[in-house]
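Notes for the structure review
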Amino acid sequence: MASSPLIDGFERRFLAARPLPSFPWRSLEEKLKNSLDSELLLNILKKTVLHPLCVKHPPSMKYTRCFLSELIKKHEAAHTEPLDELYDALAEILSAEESTHCHRSYLLPSENSVSLSESTAIISQGTTGLVTWDAALYLAEWAIENPATFSNRTVLELGSGVGFTGLAICKMCSPKAYIFSDCHSQVLQQLKGNILLNGFLLKPDFMAPLQPSGNTSVSPKPTVTAIQLDWDLVTTEQLSAFQPDVVIAAGRVGIGWQKLPSHNQKLFPYEKHSEMVILRLLV
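Below is a short write-up of the structure. (Residues numbered from 1 in each chain as written. Predicted model: local features only at pLDDT ≥ 70, side-chain atom pairs only at ≥ 80, totals over all residues. Heavy atoms only, no water.)

This part takes up the nonpolar core. Generally speaking, nonpolar side chains in soluble globular proteins are found buried as a group. Counting 32 residues, the largest nonpolar core has Phe150, Phe164, Phe180, Ile195, Ile248 and Phe268 as the members making the most contacts within it. Mapped onto this core, the elements with two or more residues apiece are β1 (101–108), β2 (112–119), α7 (134–145), α8 (164–172), β4 (177–182), α9 (185–197), β5 (223–228) and β6 (246–249). Here the element with the most residues in this core is α7; it accounts for six residues. For isoleucine 195, the contacting residues outside a window of four places in its chain are Leu167, Phe180, Phe200, Leu202, Val224 and Ala226. By size, the runner-up hydrophobic cluster in this structure holds 31 residues, among which are Leu45, Leu53, Leu90 and Leu107. (Core = buried A, V, L, I, M, F, W, Y, C linked by side-chain atoms within 4.5 Å. Buried < 20%, exposed > 50% of the residue type's maximum accessible area, 1.4 Å probe, protein only. Helix = DSSP H or I, 4+ residues; strand = E, 2+ residues; numbered from the N terminus. Contact = heavy atoms within 4.5 Å.)

Glancing now at the packing of aromatic side chains. The geometry of an aromatic ring pair is captured by the separation of the ring centres together with the interplanar angle, meaning the angle of the planes. Tallied over the entire structure, the rule returns eleven aromatic pairs. Each ring, one from phenylalanine 10 and one from tryptophan 25, has its centre 5.1 Å from the other, and the planes form 80°; the classification is edge-to-face. Linking phenylalanine 10 in helix α1 (residues 5–15) with tryptophan 25 in helix α2 (residues 25–33), this pair joins segments that are 15 residues apart in sequence. Like tryptophan 25, phenylalanine 10 is buried. The interplanar angle of 55° and the centroid separation of 4.6 Å between the aromatic rings of tyrosine 106 and phenylalanine 164 together place this pair among those described as tilted. Taken together, the residues span a long stretch of sequence, with tyrosine 106 in strand β1 and phenylalanine 164 in helix α8 at a distance of 58 residues. Here tyrosine 106 matches phenylalanine 164 in class, with each residue buried. Ring pairing ties together the aromatic residues Phe10, Phe14, Phe23, Trp25, Tyr63 and Phe67, which thus form one cluster. Here the basic side chain of lysine 221 rests over the ring of phenylalanine 200, its NZ or CZ set 5.4 Å away from the ring centre. (Phe/Tyr/Trp six-rings, centres within 6.5 Å; stacked < 30°, edge-to-face > 60°. Lys NZ or Arg CZ within 6 Å of the ring centre and 35° of its normal.)

Looking now at the pattern of salt bridges. Taken as a whole and judged by the stated rule, the model has six salt bridges. Between arginine 18 and aspartate 134 there is a salt bridge, with its nearest N and O atoms 3.2 Å apart. Here the residue arginine 18 occupies a position in the loop between α1 and α2, and aspartate 134 occupies one in helix α7, the gap between them amounting to 116 residues. Residue classification places arginine 18 among the buried positions, given a relative accessible area of 9%. As a salt-bridge pair, arginine 104 and glutamate 118 come within 2.7 Å of each other at their nearest N and O atoms. With a gap of 14 residues between them, arginine 104 in strand β1 and glutamate 118 in strand β2 connect regions that are remote in the sequence. Overall, the relative accessible area of 0% leaves glutamate 118 in the buried class. It is possible to trace a salt-bridge network through shared partners that takes in Glu29, Glu70 and Lys74. (Salt bridge = Lys/Arg side-chain N within 4 Å of Asp/Glu carboxyl O.)

Turning our attention to helix α6 (residues 84–94). Along α6, the residues classified as buried are Leu86, Ala89, Leu90 and Ile93. Buried residues in α6, looked at end-on, bunch into an arc of 100°, giving them a common side. Turned more than 90 degrees away from the buried face of α6 sit Asp84, Asp88 and Glu92, all of them exposed. The inward-facing, buried residues of α6 contact α3 (39–47) and α5 (61–78). (Arc of directions from axis to C-beta.)

This paragraph deals with the packing of α3 against α5. To describe two helices that pack against each other, one gives the angle between their axes and the distance between the axes. α5 packs onto α3 with a crossing angle of 170° between their chain directions and a minimal axis gap of 11 Å. Judged by the angle between their axes, α3 and α5 are roughly antiparallel. Seen from α3, the contacting residues are Leu41, Ile44 and Leu45; seen from α5, they are Phe67, Leu68, Leu71 and His75. A breakdown of the residues in the contact of α3 with α5 according to their chemical character gives six nonpolar, one polar and no charged. (Axes fitted to C-alpha atoms, helices over the stretch in contact; angles between N-to-C directions. Parallel < 35°, antiparallel > 145°, perpendicular 65-115°, else oblique. Nonpolar A, V, L, I, M, F, W, Y, C, P; charged D, E, K, R; others polar.)

This part covers α9. Between the first and last C-alpha of α9 there are 18 Å, a value that for 13 residues agrees with the 18 Å anticipated at 1.5 Å per step. Burial in α9 covers these residues: Val187, Leu188, Gln190, Leu191, Asn194 and Ile195. Buried residues of α9, viewed axially, fall in a sector of 165°; they line one side. Each element contacted by the buried residues of α9 is listed here: β1, β2, α8, β4 and β5. (Expected span 1.5 Å × (residues − 1).)

This is how it looks when you write it as structure tokens:
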């Protein structure tokens with residue numbers, strides 16, 4: 001299947017269920033003006049609704065329905081040859097039941113990916129932690145560009161949410177151990193499910209920190225743990241008990257910090273105008 005920046009743009013945005021206005025619709029309209037067949041639309045359909053990741057981990061039915069409706073509008077306006085696959089896909093979605101949960105998937109380098117089960121509501125169960133926020137994408141991008149910060153080290157993440165940042169680091173940066181944490185029990189339950197969904201085994205209990213083995217080789221998969229921890233109340237002694245080499249968090253901070261240089265911001269589809277920076281905390 002032919003690929004192009006236009007098709008890639010649709011693919012990454014749809015898999016991550018980004019807002020429909022952020023899609024390159026204008027560029028699609030221009031391409032369709034100069035084409036009489038429906039090959040481009042078919043390729044977009046295969047890279048979005050019919051993508052293997054979406055078939056395995058489907059996004060919101062409502063989101064998919066709105067996307068297909070918009071794609072059909074572009075198709076009909078361009079007066080290209082009929083494309084039955086578009087209408088077949090819409091008919092299948094219209095007959096499906098909506099769920100309170102959906103999936104978002106993010107493509108990583110080296111043909112890897114992270115898929116997450118999330119709530120369809122921004123606020124659910126009294127928390128906003130059941131969805132992925134742009135800050136998590138931003139931090140994961142920086143981590144993937146700076147793998148030496150995490151390679152063969154024990155990483156503690158505060159406020160992991162549904163787990164995107166940590167899963168991206170576990171797949172791309174070869175940490176020795178990764179400790180996910182969150183204060184909300186419902187978020188923690190969803191987080192554990194996403195860890196298993198992405199092929200990692202959960203260590204049952206964090207009873208003791210990993211002891212240095214003297215072996216500096218990078219292990220193929222890190223030891224993974226998920227614990228309940230309130231980052232607003234946690235003490236230095238509690239953090240020290242985990243013996244982390246690196247502590248990370250995507251969110252606001254209230255202590256001294258040093259701004260680190262920005263990175264490319266080209267890997268994940270999010271709002272580039274958002275004011276996000278990577279900070280090294282001074283503790």
